[in-house]
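Structural overview
The chain contents come next:
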Amino acid sequence: MKNLIVLFAMMAGIAMPAAADGHEDKEAIKAAVFDYFHGQGEASRERLFRAFDADNSTMVGVVKSEDGSEMVRSWKDMNVVLSNWASNENPAGGDRDGEIISMNMVDDQLAVVLFRSTDRFYDALTLGKVNGDWKIIAKAFVLQ
């Protein structure tokens, strides 16, 4: 629909502002992802809670059970998870290796980011634009 409006405006000779390439949104998404990653590594409550919509987000992961078999586990209260990460007395530090593998945005409101953290895990992060700010609203992970 947006493309049709732009095409119609061009055909009618109506001046329209240049279409945003999403650069600002992409930078804001990266900032949220790295606030999470570095916030965990630094045990920074401020960065972690800035990255997540803690009251509404969830986390699910494939983890090892006590007998060594794989199982799916979910965490529904991210306030508890983030508070635990922030209270880590011996955090890994901010110099850990991590990278965004891919980023896809939909309608300037939803993004999915695949992230590799050191040699520990892969994340699939879903971010939503909440009152103009990009927040992680769901995290799924697998161990490497």
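Figured I'd write up the structure that's included with this text. (Residues numbered from 1 in each chain as written. Predicted model: local features only at pLDDT ≥ 70, side-chain atom pairs only at ≥ 80, totals over all residues. Heavy atoms only, no water.)

**Describing unusual backbone geometry**
A positive phi angle, close to 55°, is found at A43, a residue other than glycine. With respect to the helices and strands, the residue A43 is situated in the loop between α2 (23-42) and α3 (45-51). The exposure class assigned to A43 is buried, which follows from its relative accessible area of 17%. With a phi angle near 55°, D107 is a residue other than glycine that sits in the positive phi range. (Helix = DSSP H or I, 4+ residues; strand = E, 2+ residues; numbered from the N terminus. Buried < 20%, exposed > 50% of the residue type's maximum accessible area, 1.4 Å probe, protein only.)

**Some remarks on helix α4 (residues 78-86)**
Turning to α4, its buried residues are M78, V81, L82, W85 and A86. Buried residues along α4 cover an arc of 130° about the axis, so they all sit on one side. Looking at the packing, one finds that the buried side of α4 touches α2, α3, β1 (58-64), β2 (70-75) and β6 (133-143). At the N-terminal end of α4, a side-chain oxygen is found 3.1 Å from the backbone nitrogen of N79, two or three residues along, and the residue is D77. (Arc of directions from axis to C-beta. Contact = heavy atoms within 4.5 Å. Polar contact = N/O pair within 3.5 Å; in protein donor to acceptor, adjacent residues only side chain to side chain.)

**Topic: the nonpolar core**
The biggest cluster of nonpolar side chains holds 26 residues, and the ones touching the most others in it are Y36, F52, W85 and L127. When residues of this core are traced back to their parent elements, those giving at least two are α2, α3, β1, α4, β4 (110-117), β5 (121-130) and β6. With residues up to four places along the chain from it excluded, the contact list for L127 reads I29, A32, V33, Q109, L110, A111, V113, W134, K135, I136 and I137. (Core = buried A, V, L, I, M, F, W, Y, C linked by side-chain atoms within 4.5 Å.)

**A few points about the layout of surface pockets**
Over the atoms, a rolling probe the size of a water molecule traces out where space has been left empty. In this structure, the second largest pocket occupies an estimated 200 Å³ of space. For the second largest pocket, the full set of lining residues is Q40, M59, W75, V81, N84, W85, R120, F121, K139, F141 and L143. Taken together, the elements giving at least two residues each to the lining of the second largest pocket come down to α4 and β6. Looking at the lining of the second largest pocket, its residues break down into seven nonpolar, two polar and two charged. (1 Å grid on protein atoms, 1.4 Å probe; cavity = no way out; pocket = protein on both sides within 12 Å on 5 of 7 lines; lining within 4 Å. Points joined across faces, edges and corners; volume = space filled by probe spheres on them. Nonpolar A, V, L, I, M, F, W, Y, C, P; charged D, E, K, R; others polar.)

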